[in-house]
Amino acid sequence: MADNTLLNASDGDPVRKTHVNVTHSPFFLVGDHAGSAIPSALGGLGLPDTELTKHIALDIGVRELGLEIGERLGAPFTWQHFSRLVCDCNRHPASEEWAPEVSDGTDIPGNRGLSHADLRARENEIFEPYHASIESALDQRQSKGTPTVFVSLHSFTPDMGTEDRPWDVAVLHDGREDGFARDVLGLLRARGEYVVGDNQPYHMDDTDYTVPRHAYPRKLPYIELEVRQDRLASEVGIGRMADLLASVLTEAL
């Protein structure tokens, strides 16, 4: 890491993962917003530590959920170690949301006035290594003839401003290669355990980056799952959600 302009040895690898890339499981799990770390050179982006535990910094509970689902399915789980406030791995680097100056009303001082070199360092050392790791894993699976279902995991806040969000879990899709996602949606609703959203509270659209970059060109079945964060607030809640999602993902095959 000596040649890096942003990360140093104390920061660790931006890419974290479990299992080898090729297992008996057809599922490949990713967590774009599962980490909350800030490179030491960025000084916490000028934020107090309390802000880095909130939803603006990460998808709360997704790392733990991904680990639990991965264990149940014997599936690899790859996630980003650094906070989406440093760079959002589910947005294109040209997006204003990629290194936001303001997130849900909170000023991010360390993202103001970023130079081209600043942005390139984040892209080269955090964003691209994450996506390159996913691409390498998918290449390995393809070369071994291992089928892949691409599963992107996210979480959302129980409310946003004055809007309550009644959905416990949601399935996101945008009409392309989304047969598997729609099957999971139907199975979740048939179980009747939770309120299930169809592209709620977010609609999968052109702002999403990870699924279009990795699943679409390979014509992989995919699903983007959103779980309300209060359903992931305890080990019991995480375990229950992991049981449900592992079950319906398997059944949808």
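A brief report on the enclosed structure follows. (Residues numbered from 1 in each chain as written. Predicted model: local features only at pLDDT ≥ 70, side-chain atom pairs only at ≥ 80, totals over all residues. Heavy atoms only, no water.)

1. Structural notes on helix α5 (residues 235-252)
Taking 1.5 Å of rise per residue, 18 residues should cover 26 Å, and α5 covers 25 Å from first to last C-alpha, within 8% of that figure. Among the residues making up α5, those that are buried are G237, I238, G239, M241, A242, L244, L245, A246, V248, L249 and A252. (Helix = DSSP H or I, 4+ residues; strand = E, 2+ residues; numbered from the N terminus. Expected span 1.5 Å × (residues − 1). Buried < 20%, exposed > 50% of the residue type's maximum accessible area, 1.4 Å probe, protein only.)

2. Some words on the packing of helix α3 (residues 179-191) against α5
Where α3 meets α5, the closest approach of the two axes is 9 Å, and the angle between their N-to-C directions is 125 degrees. In terms of orientation, α3 lies oblique with respect to α5. Crossing hand, α3 versus α5: right-handed. Contacts between α3 and α5 involve F180, D183, V184, L187, L188 and R191 from the former and L244, L245, S247, V248, L249, E251 and A252 from the latter. Considered class by class, the residues forming the contact of α3 with α5 number nine nonpolar, one polar and three charged. (Axes fitted to C-alpha atoms, helices over the stretch in contact; angles between N-to-C directions. Parallel < 35°, antiparallel > 145°, perpendicular 65-115°, else oblique. Left-handed = near helix turned anticlockwise from the far one by under 90°. Contact = heavy atoms within 4.5 Å. Nonpolar A, V, L, I, M, F, W, Y, C, P; charged D, E, K, R; others polar.)

3. Some points on unusual backbone geometry
Trans peptide bonds make up most of the peptide bonds, and negative phi angles are found at most residues other than glycine. Omega for the bond connecting Q200 with P201 falls within 30 degrees of zero, at 5 degrees, which places this linkage in the cis form. For L45, which is not a glycine, the phi torsion comes out positive at approximately 60 degrees. Judged by its relative accessible area of 1%, L45 falls in the buried class. Located in the positive-phi region is K219, a residue other than glycine, with phi close to 55 degrees. Structurally, the position occupied by K219 is in the loop between α4 (210-214) and β11 (222-228). Look at K219 and you get exposed, because its relative accessible area is 59%.

4. What to know about the packing of aromatic side chains
Under the counting rule described, the total for this entry stands at six aromatic pairs. Between F77 and W79 the ring centres are 4.9 Å apart and the planes differ by 25 degrees, which places this aromatic pair in the stacked class. The pair formed by F77 and W79 is uniform in burial state, with each residue classed as buried. Taking 5.7 Å as the distance between ring centres and 70 degrees as the angle between the ring planes, the aromatic pair formed by W98 and F127 counts as edge-to-face. Taken as a pair, W98 in the loop between β3 (77-80) and β4 (102-103) and F127 in helix α2 (residues 116-143) lie far apart in primary sequence, 29 residues in all. Residue W98 shares its accessibility class with F127, and that shared class is buried. Site record: aromatic cluster; members linked through ring pairs are W98, F127 and Y209. (Phe/Tyr/Trp six-rings, centres within 6.5 Å; stacked < 30°, edge-to-face > 60°.)

5. Some words on the sheet that holds strand β9 (residues 169-172)
Taking strand neighbours across the sheet as the criterion, the seven strands line up as β1-β3-β2-β6-β11-β9-β10 in an open arrangement whose pairing is mixed. Each edge of the open sheet is held by one strand with a lone partner, namely β1 (15-18) and β10 (196-198). Shown here is a sheet whose adjacent strand axes are inclined to one another by a mean of 20 degrees, direction ignored. Bridge count between strand β2 (residues 27-31) and strand β6 (residues 149-156): four bridges; the pairing is parallel. The partner of L29 across the bridge, within β6, is V151. The strands touched by helix α1 (residues 62-73) are β1, β2, β3, β6 and β11; relative to β3, the strand with the most contacts, the crossing angle is about 170 degrees. Where α3 meets the sheet, its contacts fall on β2, β6, β9, β10 and β11, and the angle it forms with β10 comes to roughly 150 degrees. (Pairing = 2+ DSSP bridges.)

6. Description of the layout of surface pockets
Of the volumes computed, that of the largest pocket is approximately 620 Å³. For the largest pocket, the lining is made up of 28 residues, of which H33, R84, D88, R91 and Y202 are closest to its centre. For the lining of the largest pocket, the element with the highest residue contribution is β6, accounting for three residues. A class-by-class count of the residues in the lining of the largest pocket yields eight nonpolar, 10 polar and 10 charged. (1 Å grid on protein atoms, 1.4 Å probe; cavity = no way out; pocket = protein on both sides within 12 Å on 5 of 7 lines; lining within 4 Å. Points joined across faces, edges and corners; volume = space filled by probe spheres on them.)

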